[in-house]
Amino acid sequence: MNEGMPKEMKKGQVAFLTGTHVVNDLYQGAVPALLPFMMLERGYSYSAVAGITLAATGLSSVVQPAFGMLVDRKSRNWLVPTGFVTAAAGIVVAAMSTTYIVTWLAIAVAGIGIAAYHPPATNLARAAGGHSQKAMSVFSVGGTLGASLAPPFVTLVVGSLGLSGGYLLAVPAVVAAIWWMVAQSRSANTGAAESAQSLSAQLAANGPVSDDWRSFTRLVLVTVCWSIPYVTTLSLVSPFVLNALNGSSSSAAIVLSSFTLAGAAGTLLGGVLADRRGRRASIRLGYLLAVPSLALLAAAPNVAVAELGIVCLGFAMFLPFAPQVTLAQDYLPNRPGTASGVTLGLAMSVGGIASPLFGYLADHFGPRMAIGATTAVLFVGAVIAFTLRDRRLDPEDETERELDVIALR
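The following refers to the structure shown.

How each quantity is defined
- Residues numbered from 1 in each chain as written.
- Predicted model: local features only at pLDDT ≥ 70, side-chain atom pairs only at ≥ 80, totals over all residues.
- Heavy atoms only, no water.
- Helix = DSSP H or I, 4+ residues; strand = E, 2+ residues; numbered from the N terminus.
- Buried < 20%, exposed > 50% of the residue type's maximum accessible area, 1.4 Å probe, protein only.
- Contact = heavy atoms within 4.5 Å.
- Areas by Shrake-Rupley, 256 points an atom, 1.4 Å probe, with all protein chains shown as cover.
- Expected span 1.5 Å × (residues − 1).
- Bend = angle between axes of the 7 residues up to and from the residue.
- Axes fitted to C-alpha atoms, helices over the stretch in contact; angles between N-to-C directions.
- Parallel < 35°, antiparallel > 145°, perpendicular 65-115°, else oblique.
- Left-handed = near helix turned anticlockwise from the far one by under 90°.
- Nonpolar A, V, L, I, M, F, W, Y, C, P; charged D, E, K, R; others polar.
- Phe/Tyr/Trp six-rings, centres within 6.5 Å; stacked < 30°, edge-to-face > 60°.

Notes on the overall build of the protein
Here's step 1: In terms of helices and strands, the protein carries 16 helices and 0 strands.
Here's step 2: Counting the 409 residues in the protein, one finds 60% classified as buried.
Here's step 3: Contacts in the protein between residues at least 24 apart in sequence constitute 87% of all its contacts with a sequence separation of at least 6.
Here's step 4: For the protein, the exposed surface amounts to about 15600 Å²; the carbon and sulfur share of it is 66%.

In structure tokens, the structure reads:
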């Protein structure tokens, strides 16, 4: 049997997976949203909050590719709910903790949960979307939407009850876990698992497609240069608005939400543009617009200009997001879980690993200087992005990715 990946988007499956992505990345966005409250209630310095950012992303840089390798060997869809439930537990403990070390460890556990979710969920979403870049952008925007909802959600809970009321942050994960169990129960009743095993046996005779490691490495470098300014902006923009621009806590939350909401719009448009003009068009345009937008944010004299800069930056930085994910998987068609694990995990987490350096810059020279310093990094990424080549796989080469979708029905 050699039917290939479905060419049309399976909208119900994409919507279901997008919903879980909203929940998972809500907890990813909760980390920077909690930082101003931790600075106010616990007196954390810029270096301390940068260390927490490192905890959220540093360990996941190692484990997410490992989860990707596990998913490549055998379907492990249970990692999807386990991931976002673990992330929620870590965030709750961090919010309610009274010591820095416990907070740091809890955030690290949350990062592991977030890392566990992405490889299996991304593979499922890619398969459900067929050849459509728009499908992956819809799934990706679920994560962006979740991150954008985190600041108002955290502000509502923690702003009203303080960090001690952080247990309420677990509610979205509990609801999503129940939703997942109901969906899986329905899938079991249809005998989908047996169908997947049967199809897997038929695919055993298919020969492998070559992996393009050279192009993949170049894409990883681009993603690294993307992640450093992204993580730095995400962690420092709220303190930047509060301290450098004398803004209020509500204006800081609005600016942070604007970043992720603009990113959602950019992600959707990036997928549409990639379907019409090719993935390289989305990637190149995104980096061309992102560099001056980041410079505008760093030079902002007031909150209004910072808001303009952050909207432009969020929109531009996320134009290439979904095309980069599918391009990584097409560079490594035999290892799509590893590809997504490295690009969404290892490469992205370099930004978290580098965050203490930029936290140091913020402590000694102000957050404006720290954010501005990342402009050079983003410029390097833009240069490398123009050297990327596209790779379009034939439908018969992608048949294996349909297995997990069948198992999810």
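Thoughts on the environment of A328
Here's step 1: Turning to its location among the elements, A328 is positioned in helix α13 (residues 321-331).
Here's step 2: Relative accessible area serves as the criterion here: at 0%, A328 is assigned to the buried category.
Here's step 3: Between the alpha carbons of A328 and R391 there is a distance of 9.4 Å; along the sequence they are 63 residues apart.
Here's step 4: For A328, the contacting residues outside a window of four places in its chain are F216, L219, A339 and T343.

A word on helix α1 (residues 11-42)
Here's step 1: For α1, spanning 32 residues, the distance from its first C-alpha to its last is 45 Å, which sits close to the expected 46 Å at 1.5 Å a residue.
Here's step 2: The largest bend along α1 measures about 30° and falls at L34, with the proline P36 one to four residues further on.
Here's step 3: Of all 32 residues that make up α1, 25 are buried, and the element is covered over most of its length.

Details of the packing of α1 against helix α6 (residues 133-161)
Here's step 1: Following both chains from N to C, one finds α1 and α6 inclined at 40°, their axes separated by 5 Å at the closest point. If you check the angle between α1 and α6, you find them oblique. Here α1 runs over α6; the crossing is right-handed.
Here's step 2: Tallied by class, residues from the contact of α1 with α6 come to 19 nonpolar, 9 polar and 1 charged.

Describing unusual backbone geometry
Here's step 1: Even without a glycine there, the phi angle at N246 is positive, about 60°.
Here's step 2: Along the chain, N246 falls in the loop between α9 (213-244) and α10 (249-277).

Focus on the packing of aromatic side chains
Here's step 1: As enumerated under the stated definition, the model contains 10 aromatic pairs in all.
Here's step 2: With a centroid separation of 4.9 Å and an interplanar angle of 85°, the aromatic rings of F16 and W179 are classed as edge-to-face. One end of the pair, F16, is in helix α1; the other, W179, is in helix α7 (residues 171-189), with 163 residues separating them in the sequence.
Here's step 3: Its relative accessible area of 40% is what places W179 among the partly exposed residues.
Here's step 4: Here W226 and F321 contribute two aromatic rings whose centre-to-centre distance is 5.9 Å and whose plane-to-plane angle is 45°, an arrangement assigned as tilted. With a gap of 95 residues between them, W226 in helix α9 and F321 in helix α13 connect regions that are remote in the sequence.
Here's step 5: Take W226: its relative accessible area is 2%, and that puts it in the buried class.

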